[in-house]
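Chain by chain, the residues run as shown.
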Amino acid sequence: MVTPSGVPEETAVCVVGAGPVGLALAAALVDRGVPVVVLEGGDARGARPATERDDALAGTVSPGGLGALTLTRARGVGGTSRIWNTEVGGEPVAKLLALDPIDYEARPGLPHGGWPIDADAMAPWVREAAAWCGLDLRLHDTVSEGPDPLERGAYGFVPQRRFLHELPEAVAAAGATVRAGVTTTGLLLEGARVTGVRWRNATGARGTLRAGTTVLACGTLETTRVLLEAAGAGPTPWGDNPWLGRGLMEHPIDRSLVLRTRSPLLTPDPGFFSPHRAVVTRGGPPGPWRLGRLTLPADWLRAHRLPNLSVRFPTHEAGGAILQQPTARSWARRLVPGARLRRAIGDAVRWGARQTRRLQSLEYTLHIDLEQWPDRANRVELAEATDALGRRRLAVHWRWSDDDERRRQALLDELTDRLHAAGLGSVTRSAGVSLDPDGHHHAGTTRMHIDPEGGVVDADLKVHGAEGLHLCGASVFPTAGVANPTLVAMALARRLAATLAADRP
Ligand SMILES: Cc1cc2nc3c(=O)[nH]c(=O)nc-3n(C[C@H](O)[C@H](O)[C@H](O)COP(=O)(O)OP(=O)(O)OC[C@H]3O[C@@H](n4cnc5c(N)ncnc54)[C@H](O)[C@@H]3O)c2cc1C
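Rules behind the numbers
- Residues numbered from 1 in each chain as written.
- Predicted model: local features only at pLDDT ≥ 70, side-chain atom pairs only at ≥ 80, totals over all residues.
- Heavy atoms only, no water.
- UniProt positions renumbered as here; feature names shortened; annotations may be inferred.
- Helix = DSSP H or I, 4+ residues; strand = E, 2+ residues; numbered from the N terminus.
- Contact = heavy atoms within 4.5 Å.
- Buried < 20%, exposed > 50% of the residue type's maximum accessible area, 1.4 Å probe, protein only.
- Pairing = 2+ DSSP bridges.
- Expected span 1.5 Å × (residues − 1).
- Axes fitted to C-alpha atoms, helices over the stretch in contact; angles between N-to-C directions.

As recorded by an unreviewed UniProt entry, the protein carries the name GMC oxidoreductase and is attributed to Gaopeijia maritima. Database annotation for the protein, UniProt heading Sequence similarities (unreviewed entry): "Belongs to the GMC oxidoreductase family." Taken verbatim from the UniProt record of the protein, the Cofactor (unreviewed entry) comment is "FAD".

Peer 1: Describe the side chain of threonine 486, listing the residues and the values that go with them.
Peer 2: Turning to its location among the elements, threonine 486 is positioned in helix H11 (residues 486-503). Those residues in contact with threonine 486 that lie beyond four places of it in its chain are Pro20, Trp84 and Leu96.

Peer 1: Talk me through the pairing of strand S13 (residues 257-261); I want residue IDs and the actual numbers.
Peer 2: Most of S13 sits out of view: 4 of its 5 residues are buried. Sheet analysis places S13 next to strand S21 (residues 425-429), joined by 5 bridges and oriented antiparallel. Residue pairing across strands places valine 258 opposite threonine 428, the latter belonging to S21.

Peer 1: Could you give me a rundown of H11, with the residues and numbers involved?
Peer 2: Helix length check: H11 (18 residues) gives 26 Å between terminal C-alpha atoms against 26 Å at 1.5 Å per residue, within 8%. In terms of burial, H11 is a largely internal element, 15 of the 18 residues being buried.

Peer 1: Summarise the sheet that holds S21; cite the residues concerned and give the values.
Peer 2: Sheet strands pair by backbone hydrogen bonding; their relative direction is either parallel or antiparallel. In spatial order, the strands read S17-S13-S21; together these 3 strands make up an open sheet with antiparallel pairing. Across the chains shown, the open sheet's two edge strands, defined by having one partner strand only, are strand S17 (363-365) and S21. Across the sheet, the mean angle from the axis of one strand to that of its neighbour is 20 degrees, orientation sign disregarded. Packed on one face of the sheet, helix H10 (residues 402-421) meets S13 and S21 and runs near 160 degrees to S21.

As structure tokens, then:
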């Protein structure tokens, strides 16, 4: 059971944060026989939290920048998954997607790019993270030749309940000690070695937990906050790192392109671009949910020195999948007794709906997720104000720079041409539609680089210059591609668990 009381005094590994990343790490550590204690500042479980009233999450954002810090994060076991806002199959879910191979590459003409791990080295960990949370990557991540000259891929979905209930219980049952309501308020430092954490709970009790290794998996902004606070309290190996708090990235959403499909025969299959169930075996039961997307070819992005993008079709406009909704299915079960007959009727209705859609000219406001290239000016700092536990609040400075805007316009030009060339229809572009900066995907600010001049952690996620301190989550992404970050962040956690287990005496 995940319980609120009794923090041990000592452990091999202390994981701070029980969001998807901390849970993925703890699960992989206990699998490898490593004793682990997870400290989570929020509560053990509960209804969807009113994060806007959570004092611990409050901070400032620069004008014209990101949305309120209380609306893009949540505390408690399950972490920010508690406020996931997409619904598929009648329950809250997140879209999961791996980075594209190009996202790991150093990119000539784009400074600060390149992961110290390449796509091939990450692939097994992405597969392991996907399997752990119940995602079948074979069905979700295949990028095939799309409506030429665009490429086509698919997002997978993972239900929120996995992170709120099923996985935390499994992690605790496997032997991890998970303590909720316990906030890490500082790091124990002996020279360059971090020997554990200082904690406080909601009743005001305080204590320390000594650990051979401490891993901060607190989400991008809070991981950086713990490091900044420690650096503010005295000399630390990371206090002077030039990238500490720098290079914050988001995935802003562009909605300025409207696609009106032209020819009935050339209309893309709207069902593919709506949440739909993958066909695993013909005639077999429906497979997992997925959602189609379009991308520009990597070779073109490389040649034109541009970051990545991903095009989604808004669900309500793409229609489709109505027959797969639970209510429609339960009515069908009541009205038509035989499963075979039901399937035949369903196939006929779906075929009819597809033909009807082909005969219509449809209009889609495209949702284009943009990769933001790292920019040192986008940063996280500590404000003077403190929260109820006496911790300094965050001040976030984020902008969409002229360079970002130039790259966005070049991507939109190319996308418009390719949508035309693919025969998908006519595209209109509204200059007046402003970019939505809140993709809810904070990344960067403790980036990974082999050299401390280029990043805060090394390729093993160990803080440069320090012993016993690792960071895990999207904060270590040197660049963030365009994929929703949770799957890759969990993959890094699984990889880190293997490294820590191998390093144990
Ligand atoms: C509305 C919304 C929709 C999203 N949709 C998607 C999506 O579709 N796909 C996707 O991939 N991502 C999505 N995200 C982002 C996703 O939620 C995050 O990438 C993911 O939760 C990050 O996991 P994490 O474990 O690193 O951090 P978090 O989930 O933020 O968890 C960190 C945990 O650490 C705890 N913590 C922090 N500081 C301390 C401390 N000092 N002491 C103790 N505990 C601490 C926090 O309380 C929290 O529980 C969405 C985010 C939002 C807000």
